[in-house]
Amino acid sequence: MPRAQIFLASTLYGVATLAAALDAGCFAPADRRLLLVANTAAVPETTPGPDGAPGFDRLRARFDGVLSWNDTISPFHPSGWAPRPDDAPLWERHLRLLWGLGRDDVELVVESIQVNPAQALALCFADAPLEVYADGLMSYGPTRSKLDPLIGTRVRRLLHLDLVPGLRPLLLTEFDVTPEVVPAAAFTAVVDELAAAQGTATDATDATDTDSAALLLGQYLSALEILTGEEEERLHVRMLRGAAARGHRRIVFKPHPSAPARWSRTLEDEAGRLGVALTVLDTPVLAEVVCRELRPALVVGCFSTALLTASTFYGLPVARTGTDLLLERLTPYQNSNRVPVTLVDALLPPLENAPDAAGYQPPPSGEELRGLLAAVGFAMQPQVLPGLREEAERYLAAHLTARTRPYFKRRRLTALALPGAVPSPLAFLPRSPAVRKMARRARAMQRRLARRTAAKKTAETTKTTVTV
């Protein structure tokens, strides 16, 4: 029976990862390989997808065809649509006819299996085996919610870049999915291709002395509702000031493709006041391509995956800033960005405190880092990864200090009866069934009181309206 492989990608970084995996021979032979592109931008009609990015034509040659998920399910949005269970067989027939699959055996290779469009595609092809590839640092965190076993048990492996050497991703470990590393050499070779196709930073290279230049990475965190637009502007200014304070007189800023232009103008004004030369890269290229082309003396960001690729794959000096604010702001605690922020904060030096400065704390060792990841992962998803409790307890009992305290919320530790929830003389309280029962009763009483107060206010408002 002919075999067809369908690769789902929503970013150029994802397409580059798939290209690297194909070049490295990570996939079994197939009669056809189809790239299914999904544009998950808030307004896909105004934002180019990965197939519209410079350099995509170099990568598409690895596939026998390119399909559009947006066109397939139009007018629905890829992030919000999935077939109803009863309609899934009809959708599979439709897609087989539309994409010319016939009776081929279908294999799916998707990113972010916890959400659409990956879940929607998996539901449409209910019998197809699944492979998941990681799109950045988020794969080191736990699966963001309990995955339907009908999907999770079909996943054969997790392909990921070794961004943190030696650290095993938590994603899909509840299904004993085997992680497999995509060779770094294959990925950097793909980046070389993109650089040759895009001619990325030629303008910036001509205008910038790369021996002293610093590269600032924007992420558009306000779109994720983590920061406000004004706060993110201030974060970029903080990056600029920190780089200038380290002696970098030439700065290259790579904004997020969807970021408003006014942010660049704000930085230009601040650069003028600081007396540094600022170059803004407004071409939608991968940050890895910029790192490869410019070889900056310093790469600065918040928690961008590109910080780790710059450090691990290209050996560039990196620094982070703003992670302290994000660790405080991320809500709920289960927010899937928590692990990327935690890893960057733990591993990379702060911009305001250079590695050779007094008071700098080195990154955790391999064993300690694994313990930190287990503790944060369990605190995020205790129902998904209950087997990590003992490891989390050991880590918190031995390593909960002023340096690591920001990675955990006291309220979360209390709810899970973990060490560090309360001062040590009162450590027995979270484990006491009587105390936990009283706490539940108190919270229930608070909720009832709040409902009664709200009902009373509504009644009074109604009465006043009727009287008038």
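Scope of this entry: the structure provided in the associated data block. Counting of residues starts from 1 at the beginning of each chain's written sequence and follows it residue by residue. Predicted model: local features are reported for residues with pLDDT of at least 70 only, side-chain atom pairs are reported and counted for 80 or more only, and whole-chain, interface and lining totals are derived from all residues. The basis for every side-chain value is the complete set of heavy atoms in the structure, and neither hydrogens nor water enter the calculation.

**Focus on the overall build of the protein chain**
Numbering of helices and strands starts at the N terminus; helices are DSSP runs of H or I of at least 4 residues and strands are runs of E of at least 2. The helix and strand inventory of the protein chain stands at 18 helices and 12 strands. By definition, residues are in contact when any of their heavy atoms lie within 4.5 Å. If you take every contact in the protein chain between residues at least 6 apart in sequence, the share linking residues at least 24 apart comes to 71%.

**Points about the sheet that holds strand β1 (residues 3–9)**
Backbone hydrogen bonds hold the strands of a sheet together, and the pairing may be parallel or antiparallel. On the basis of which strands lie adjacent, the open sheet formed by 7 strands has the order β3-β2-β1-β4-β5-β6-β7 and parallel pairing. Strands with a single pairing partner mark the edges of an open sheet, and in this sheet they are β3 (65–68) and β7 (178–182). Geometrically, the sheet is characterised by an average inter-axis angle of 25° between neighbouring strands, direction not taken into account. With 5 bridges connecting them, β1 and strand β4 (residues 105–110) associate as parallel partners. Its bridge partner lying in β4, F7 is registered against V109. Here, axes are lines fitted to C-alpha atoms. For helices the fit covers the stretch in contact, and angles between N-to-C directions go from 0 to 180 degrees. Helix α1 (residues 12–23) contacts β1, β2 (32–37), β4, β5 (130–133), β6 (155–161) and β7 of the sheet and is inclined by roughly 145° relative to β1. Between any two strands, at least two bridges found by DSSP are needed for them to pair.

**Side note on the packing of aromatic side chains**
Put simply, two rings from Phe, Tyr or Trp (the six-membered ring, in Trp's case) pair if the centres are within 6.5 Å, and we call them stacked under 30 degrees between planes, edge-to-face over 60, tilted for the rest. Counted under the stated rule, the structure contains 10 aromatic pairs. Relative to F63, the ring of F7 has its centre 5.6 Å away and its plane inclined at 65°; by these criteria the two rings are edge-to-face. Here F63 lies in the loop between α2 (56–60) and β3 and F7 lies in strand β1, a separation of 56 residues in the sequence. The pair formed by F7 and F63 is uniform in burial state, with each residue classed as buried. Should the NZ of a Lys or the CZ of an Arg lie within 6 Å of a ring centre and within 35 degrees of the ring normal, that charge is described as sitting over the ring. A cation over a ring is seen here: R338 above Y333, with NZ or CZ 4.1 Å from the ring centre. Under the scheme applied here, a residue whose accessible area is under 20% of the maximum for its type counts as buried, over 50% as exposed, and between as partly exposed, the area being computed with a 1.4 Å probe on protein chains only.

**A word on the side chain of H236**
Structurally, H236 can be placed in helix α9 (residues 229–245). In this structure H236 comes out as buried when scored by relative accessible area, which is 2%. With residues up to four places along the chain from it excluded, the contact list for H236 reads G218, Q219, F253, W263 and L267.

**Considering the pairing of β6**
With respect to burial, β6 is a largely interior element, 6 of its 7 residues being buried. For β5 and β6, the ladder comprises 3 bridges, and the chain directions are parallel. Each bridged residue has a counterpart across the sheet, and for Y133 the counterpart in β6 is L159. Across 5 bridges, the pairing between β6 and β7 is parallel. Bridge pairing links L158 to P179 in β7.

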